[in-house]
Amino acid sequence: MKEFSFIIAAGGKGTRFGGKKQFMTLGDRELWRWSAENAAKLSDSIREIVLVIPKGETLTPQWNNNIPLRIVHGGNERAESVLNGLNMAACDYVMVHDAARPFASPELFRRLIDSVNDDAGVIPLLPVSDALKRIDDEGKISSVDREGLFITQTPQVFPRLKLIEAVKDSPSAKDEAESWLKSGHELRYVDGERLNFKATVKDDMTIARALSEQKIIRTGLGWDIHRLVPDRKLILGGVRIDSPLGLLGHSDADVLTHAIMDAILGGAGLPDIGNIFPASDERFRGADSVNLLREVMRLVAAEGWSVEFVDAVITAQVPRLNKYREEIMRNLSEFFPVNIKFKSAENLDDSGRGLCITCHAVATLGKVIERC
Ligand code: MG
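Residues numbered from 1 in each chain as written. Predicted model: local features only at pLDDT ≥ 70, side-chain atom pairs only at ≥ 80, totals over all residues. Heavy atoms only, no water.

Asks: Honestly, the pattern of salt bridges in this entry has me stumped. Any pointers?
Replies: It is possible for side chains bearing opposite charge to pair when their charged atoms get close. Tallying each qualifying case throughout the model produces 21 salt bridges. The salt bridge partner of Asp44 is Arg110, with a shortest N-O separation of 3.3 Å. Taken together, the residues Asp44 in the loop between α1 (31-40) and β4 (46-53) and Arg110 in helix α3 (residues 106-115) connect sequence positions 66 residues apart. With a shortest N-O distance of 3.9 Å, Arg111 and Glu193 are connected by a salt bridge. Highlighted residues: Arg111 in helix α3 and Glu193 in the loop between β12 (186-191) and α6 (202-212), separated in sequence by 82 residues. By relative accessible area, which is 32% here, Arg111 ends up partly exposed. For Glu193, a relative accessible area of 16% gives the class buried. (Salt bridge = Lys/Arg side-chain N within 4 Å of Asp/Glu carboxyl O. Helix = DSSP H or I, 4+ residues; strand = E, 2+ residues; numbered from the N terminus. Buried < 20%, exposed > 50% of the residue type's maximum accessible area, 1.4 Å probe, protein only.)

The following block contains the structure:
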């Protein structure tokens, strides 16, 4: 079984970008971490991450992963930086990757790992899809045939000791594949990935940011009903309503908060509140439903969901609730953007006869698409 050191070249000065983008935040983490965490998912093959940081920088990143992270300083040029990483690496094979390519997939890593051997390095290539032009010294434009031309990506994968010799021999090479070829070694390729682009200029970061924030959107539906009775408090959305009648239930019978919780749980594909907070459980007797909502928010967040918006309709003949609308929405806005509406039931069904209050709620949930 071949073992690999994953070397992240993050030693650049970011000249074209106008700053050290490799330590900028993309989504919830620095740019270099995206590929480091991706690599760590292939723990059967990748045994360590070697992060090459700019010369003179100090960096002690938090790294909670089974795969060790080792830090080494870079040099003045890419070749010198990569060489420092190669010298620190411990495995027989290396994958050298640009920190500024956050979206290289584990599938690409796997293709590369499967293709390398003691004699042949492997790189990802993408066919050039744009028409190409050349401008000569006099400013004259001519067309370049793109047939047979490819864009080179990383990670680039090689046997470590042979690559060290090759990089030493070509100190001005633009990438490791160039050094490798100059040394006369065999080079193979696998298909690259369009999303594995390099964030070279600020506009690339704008695209990367949009990709990192792409979400799956789901909608959940909740409904609840509670009987209106004397000698009970009436609480809606955690707000005490002035009323001679209140709602009957095991908890505080907050029909609005209950419908909202079921809508949120539904959107996240989780069971309803009856399953999570059973009426048979004495801990929930007289419970403040807003505290239960806090627990629901924790449960869905643990699954990666955020609640983007909640809309609800409360159907009640009595009491009149419109004057509480702002207060209820303010109270629930601690958790999510929310809109509440009220309907009387035209004296028709049981809520229309003042026997109960019902509530319908829909919740929109979002989850950032995992690109790692
Ligand atoms: Mg209920």
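Asks: Mind showing me how you'd approach the domain arrangement of the protein here?
Replies: Accessible area lost during the coming together of the parts is what is often quoted as the interface size. You can read the domains of the protein as domain 1 (4-200) and domain 2 (214-370). Taken over C-alpha atoms, the centre of domain 1 sits 51 Å from the centre of domain 2. (Domains from an automatic or database assignment.)

Asks: Help me out: how do you make sense of the packing of helix α2 (residues 78-88) against helix α4 (residues 160-169) in this one?
Replies: At a closest axis distance of 10 Å, the pairing of α2 and α4 adopts a crossing angle of 155 degrees. The angle between α2 and α4 falls in the class roughly antiparallel. Read as a crossing pair, α2 and α4 show a hand that is left-handed. Every residue of α4 that contacts α2 at Ala79, Leu83, Leu86 and Asn87 is listed here: Arg160, Leu163, Ile164, Val167 and Lys168. A per-class count over the contact of α2 with α4 returns six nonpolar, one polar and two charged. (Axes fitted to C-alpha atoms, helices over the stretch in contact; angles between N-to-C directions. Parallel < 35°, antiparallel > 145°, perpendicular 65-115°, else oblique. Left-handed = near helix turned anticlockwise from the far one by under 90°. Contact = heavy atoms within 4.5 Å. Nonpolar A, V, L, I, M, F, W, Y, C, P; charged D, E, K, R; others polar.)

Asks: I'm lost on the packing of aromatic side chains in this one. Help?
Replies: One pass over the full model with this rule turns up nine aromatic pairs. An angle of 85 degrees between the planes, with centres 5.6 Å apart, marks the rings of Trp34 and Phe103 as edge-to-face. Pair noted here: Trp34 is in helix α1 and Phe103 is in the loop between β6 (93-98) and α3, with a separation of 69 residues, a long-range link. The class of Phe103 is buried, set by a relative accessible area of 4%. Between Phe335 and Phe336, the aromatic rings sit 6.0 Å apart at their centres with planes inclined by 40 degrees, giving tilted as the arrangement. (Phe/Tyr/Trp six-rings, centres within 6.5 Å; stacked < 30°, edge-to-face > 60°.)

Asks: Which parts of the structure should I look at to understand unusual backbone geometry?
Replies: Excluding glycine, residues mostly have negative phi values, and the peptide bonds linking residues are mostly trans. Look at the link from Thr154 to Pro155: it is a cis peptide, with omega at 5 degrees. Note on placement: Pro155 falls in the loop between β10 (150-152) and β11 (156-159). Cis geometry marks the peptide bond from Val318 to Pro319; its omega dihedral reads -10 degrees. Unusually for a residue other than glycine, Asp231 sits at a positive phi of about 60 degrees. Mapped onto the elements of the fold, Asp231 is located in the loop between β13 (215-230) and β14 (234-236). Of note in this structure, Asn347 is not a glycine but carries a positive phi near 60 degrees. Here Asn347 is to be found in the loop between β18 (338-343) and β19 (356-368).

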